[in-house]
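Report on the structure
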Amino acid sequence: MRLFACFVVSIGFFVPFVLKAAAIDLQPHRAYYTITMLGRPDPRGSVSDVRGTMMLEFNKVCGGWTVQQLSEIWRYQDNGSVEHIRWGYVTWEADNGSVFKFNAFRKIDDELVEDIRGMAEHRGKLTQAIYQKPEQKTLQLPEGVLFPVQQTKGLLTMAQAGEHMFPSIVFDGSSVDGASEINTFMGAKKVVAGNPTVEDAHQFANQPFWPVRFAVYGLGETAYEPIYVTTQELLPNGIIKQYVIENDGVKVRGTLERVELLSGSGS
């Protein structure tokens, strides 16, 4: 399950201008989400229900940002069987976006089925992704490709400027396939009225957010349908209030239950 997705239109000119347009104050934090299946199961599929949790940590460290994500999901099948999926993701990204280190794993029923590790680096107009696992290989990435923190800052800058489209190419290290193209649409900032007296409501429950929709495609593919679609309720400080991911006819929702604000170690 990927949250840090990717996005493309004249990237070589457009994105650098956007990133310099405004200062974005990302809030270091650790967020806990409850995952549930949204809507009725697809009658053409075999999944009857989905339950799980996710922890997402976004922290400022010396010289850059770290992201840690751990998802634990149970997929219930029509035949009565249950599939247990654990997905972990740890990255470090330099403040200036020059270097990106990544490590990801996926286990199904305690069996390791995916183990990815490597780094990517901008050197002038050349960007390379160097994988150490699952096998050693080097990929040339497109000029103008973004790493996840760069993408988040660019997206928030566009939203604050009242823009609605943010197409780009992003490399997040979560697969061996390299970068992805993502078409992103941002709606107008909105507030969903809640009940501020609810004891277990987190501190951002009634804060304004942007509804954001990401459609993720393989790089250079011409398929009409995206690989998957995800939507988010994104706060101006980068915290995600809620997300929905739709893939292979299954739609799941992650609802923010608790947020721990982190001080970060600064730069």
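Below is a short write-up of the structure. Small disclaimer: the values here were computed from a predicted structure and weren't measured.

1. Considerations on the pattern of salt bridges
Using the criterion set out here, one finds 10 salt bridges in the structure. Of the charged contacts, one joins Glu-57 and Arg-30 as a salt bridge, the two residues approaching to 2.7 Å between their closest N and O atoms. With Glu-57 in strand β2 (residues 47-61) and Arg-30 in strand β1 (residues 29-37), this residue pair connects regions lying 27 residues apart in the sequence. Glu-246 is the salt-bridge partner of Lys-251, the closest N and O atoms lying 4.0 Å from each other. Glu-246 gets classed as partly exposed once you look at its relative accessible area, which sits at 38%. Overlapping salt bridges, with partners in common, bring together Arg-30, Glu-57, Arg-258 and Glu-260 in one network.

2. Some details on the environment of Lys-153
Looking at the element boundaries, Lys-153 is found in helix α2 (residues 148-160). Residues Lys-153 and Gly-238 lie 85 residues apart in sequence; the distance between their C-alpha atoms is 8.2 Å.

3. Thoughts on the packing of aromatic side chains
Counted by the stated rule, this structure contains 9 aromatic pairs. When the centroid spacing of 5.9 Å and the interplanar angle of 25° are considered together, the rings of Phe-100 and Phe-102 count as stacked. Considered together, Phe-100 and Phe-102 belong to a single accessibility category, that of buried residues. Put simply, the rings of Phe-100, Phe-102, Tyr-131, Phe-147 and Phe-171 touch in pairs and so form one group of aromatic residues. Positioned over the ring face of Tyr-131 is Lys-137, at 5.4 Å from the centre of the ring. The lysine or arginine in question, Arg-258, covers the ring of Tyr-32, its NZ or CZ lying 4.1 Å from the ring centre.

4. As for unusual backbone geometry
Omega for the peptide link from Lys-133 to Pro-134 comes to 0°, which places this bond in the cis form. Secondary-structure assignment places Pro-134 in the loop between β7 (126-133) and β8 (137-141). The backbone phi angle of Asp-109 is positive, close to 50°, even though this residue is not glycine. On the secondary structure map, Asp-109 appears in the loop between β5 (99-108) and β6 (111-123). Not every positive phi belongs to a glycine, and Asp-110 is a case in point at roughly 70°. In this structure, Asp-110 sits in the loop between β5 and β6.

5. A closer look at the pairing of β2
In this sheet, β2 lies alongside β1 in antiparallel orientation, the contact comprising 8 bridges. Bridge pairing in β2 links His-29 to Phe-58. Both β2 and strand β3 (residues 64-77) contribute to a ladder of 14 bridges, which runs antiparallel. Note on β3: the bridge partner recorded for Val-61 is Gly-64.

Conventions used here
- Residues numbered from 1 in each chain as written.
- Predicted model: local features only at pLDDT ≥ 70, side-chain atom pairs only at ≥ 80, totals over all residues.
- Heavy atoms only, no water.
- Salt bridge = Lys/Arg side-chain N within 4 Å of Asp/Glu carboxyl O.
- Helix = DSSP H or I, 4+ residues; strand = E, 2+ residues; numbered from the N terminus.
- Buried < 20%, exposed > 50% of the residue type's maximum accessible area, 1.4 Å probe, protein only.
- Phe/Tyr/Trp six-rings, centres within 6.5 Å; stacked < 30°, edge-to-face > 60°.
- Lys NZ or Arg CZ within 6 Å of the ring centre and 35° of its normal.
- Pairing = 2+ DSSP bridges.

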